[in-house]
Amino acid sequence: RFIDPHPFVPADSTERRERCEAILAMQAEGLRRRLEHIGCPTAVLGISGGLDSTLALLVAVRALDLLGRPRTDMVAVTMPGFGTTDRTYYNALSLISSLGAQNRDISIKASVLQHFEDIGHDPSVRDVTYENAQARERTQILFDIANGCRGLVVGTGDMSEDALGWCTFGGDHLASYNVNVCLTKTMIRKMVTYLCPRYEEQISSVLHDIVDTPVSPELLPPDESGKIQQKTEDILGSYRLHDFFLYYLLRYNFPPRKLYYYACLTFSEEFSASYILDKLKVFLNRFFSGQFKRSCSPDSADITPVCLSQYPIPSDCSAQALLADLSDIH
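Only a predicted model underlies this, so the values are computations on that prediction, with no experimental measurement involved. (Residues numbered from 1 in each chain as written. Predicted model: local features only at pLDDT ≥ 70, side-chain atom pairs only at ≥ 80, totals over all residues. Heavy atoms only, no water.)

1. A closer look at the overall build of the protein chain
Phase 1 of the analysis: From N to C terminus, the protein chain includes 14 helices and 5 strands.
Phase 2 of the analysis: Here the protein chain has a C-alpha radius of gyration of 20 Å; the compact-globule value for 330 residues is 20 Å, and the two agree.
Phase 3 of the analysis: Dimensions along the principal axes, computed over C-alpha positions, put the protein chain at roughly 55 × 55 × 40 Å.
Phase 4 of the analysis: When burial is assessed residue by residue, the protein chain has 52% of its 330 residues classed as buried.
Phase 5 of the analysis: Element-wise, carbon and sulfur atoms account for 50% of the exposed surface of the protein chain, whose accessible area totals about 14900 Å².
Phase 6 of the analysis: Side chains of the protein chain give 32 positive and 41 negative charges; the mean places of these two sets differ by 4 Å. (Helix = DSSP H or I, 4+ residues; strand = E, 2+ residues; numbered from the N terminus. Rg over C-alpha atoms; globule rule 2.2 N^0.38 Å. Buried < 20%, exposed > 50% of the residue type's maximum accessible area, 1.4 Å probe, protein only. Areas by Shrake-Rupley, 256 points an atom, 1.4 Å probe, with all protein chains shown as cover. Lys, Arg positive; Asp, Glu negative; His and termini not counted. Charge placed at Lys NZ, Arg CZ, Asp CG, Glu CD.)

2. Section: the nonpolar core
Phase 1 of the analysis: If you look at the biggest cluster of nonpolar residues, it comprises 90 residues, and the most contacted ones within it are Leu 57 and Phe 287.
Phase 2 of the analysis: In terms of residues, this core owes the most to one element, helix α2 (residues 51-67), which gives 11 residues.
Phase 3 of the analysis: With residues up to four places along the chain from it excluded, the contact list for Phe 287 reads Ala 163, Leu 246, Leu 249, Leu 250, Arg 294, Leu 308, Tyr 311 and Ile 313.
Phase 4 of the analysis: Core analysis: the second largest hydrophobic core is formed by 16 residues, Phe 82, Ile 141, Leu 142 and Ala 146 among them. (Core = buried A, V, L, I, M, F, W, Y, C linked by side-chain atoms within 4.5 Å. Contact = heavy atoms within 4.5 Å.)

3. Focus on the sheet that holds strand β3 (residues 102-105)
Phase 1 of the analysis: The strand order β3-β2-β1-β4-β5 describes an open sheet built from 5 strands, whose pairing is parallel. Single-partner strands in this sheet number two, and they are β3 and β5 (177-178).
Phase 2 of the analysis: Relative to β3, strand β2 (residues 74-78) is paired through 4 bridges, and the arrangement is parallel. Residue pairing across strands places Val 77 opposite Arg 104, the latter belonging to β3. (Pairing = 2+ DSSP bridges.)

4. Here we look at helix α11 (residues 256-266)
In an α-helix there are 3.6 residues to a turn, and that puts residues three or four apart on one side.
Phase 1 of the analysis: Here α11 has its buried residues at Pro 256, Leu 259, Tyr 260, Tyr 262, Ala 263, Cys 264 and Thr 266.
Phase 2 of the analysis: Contact partners of the buried residues in α11: α10 (239-252), α12 (273-289) and α14 (320-323).

5. Some words on the pairing of strand β4 (residues 151-155)
In regular strands, side chains alternate between the two faces of the sheet.
Phase 1 of the analysis: Burial within β4 is extensive, with 5 of its 5 residues counted as buried.
Phase 2 of the analysis: Here β4 shows a buried face lined by Gly 151, Val 153 and Gly 155 and a second buried face lined by Leu 152 and Val 154.
Phase 3 of the analysis: With 3 bridges connecting them, strand β1 (residues 42-46) and β4 associate as parallel partners. Residue pairing for β4: Ala 43 is matched across the bridge by Leu 152.
Phase 4 of the analysis: Here β4 pairs with β5 via 2 bridges, running parallel. Across the sheet, the residue bridging to Val 154 is Tyr 177, located in β5.

6. What to know about the environment of Asp 162
Phase 1 of the analysis: Locating Asp 162 in the fold gives a position in helix α6 (residues 159-164).
Phase 2 of the analysis: Between the C-alpha atom of Asp 162 and that of Leu 308, which follows or precedes it by 146 residues, the distance is 8.2 Å.
Phase 3 of the analysis: Not counting chain neighbours up to four residues away, the residues in contact with Asp 162 comprise Val 181, Arg 294, Ser 297 and Leu 308.

Encoded structure:
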C-alpha cells in the first residue's frame, strides 16, 4: 500500500491549505492568550533568517494584530555571530522592516570573545563550547531585553529539533513560550511556502529565499565565499527521514525494525538502505539521549494530534534495547 513520505504534511493541496490555516490560527491565538493572560505589553523574538524564527515572527505579528496592538510591540532581535552569513542576516532585517516590527541589532561577537577569555577557551578551537557559548549569549540577550520592556520571549524551536536534541541546553532550548514546538521542520517549510503568496512582493520574495536557504544553526564561520558551511542535514541526515521516523514512533509506537522497513519502502528511490539504517540509529540515539532537554522545555500549547508532550520517557532511558532490534541488519 501507499506510504506517505510526508506524514505530517497533507498531500492534497486543499487539505494542506486548510491545515496550514488552522495551525497558523491556533499558534497566533495561543500566543495572543498568553500575552493577554500575563499582561505582557511586548513580545521578544530572536530572528536568524531561518525557517523557524521566520514562522514564529509571522505568528507573533498576527497575535499582536489580534490584540489590536501596534506591530512595534514586537521586538525582533538580530544577533549576528561568527557564523552569520549576509544572506540570512539581511533576509532577517528585511523581513522585520517589512512587517513593521521593532528591530534591535546586537552583535554577539565581542561578548562571546570576552566570555571565552573569562573561561579560558581558545576561540580557534571550534568545538561544542565554541558553538554553545553563542547560543547561550543570544538567549541571555533576549531574556534581558524582555525584562527591560516587560516582554515575553517567544521560542522558535520545532519538534524535529526537539526530538533530536538539536538545541543548546540553557540556550535556544529556553523561552517564555514556544509557538513551534508541535511542528516538524518539514511542516514549517510547507507553512512558510504556503504563506509566501499571502504577502506583498517584497515580503514574499524574502520568504521564498528563506525557504531555499540550507538549514543551519550558523555557529561555525561560513566558507571562503561567505556561504553557509555548517549544514544541519549534512550532520544529522535528512529531516524528511527524521520526521518520518518521528511520526511512526509517536503515532503508532513502531519498533525500530518496522521503522526501518517502512522507510526503505517509502524512500527506496531517494536514499540507500544503508543511509536509512545509519540515520535511524542517529535518530534513536539522539531521541533518547536528548530527553533531559524535553523534561524542562518551555511552556507551549498542543496544537497538533502528534506531539512530544504526549510521549514522556525517563531522562536516563537508554536507546540500546531498541538499537538491538537492528543489530542483524547490515
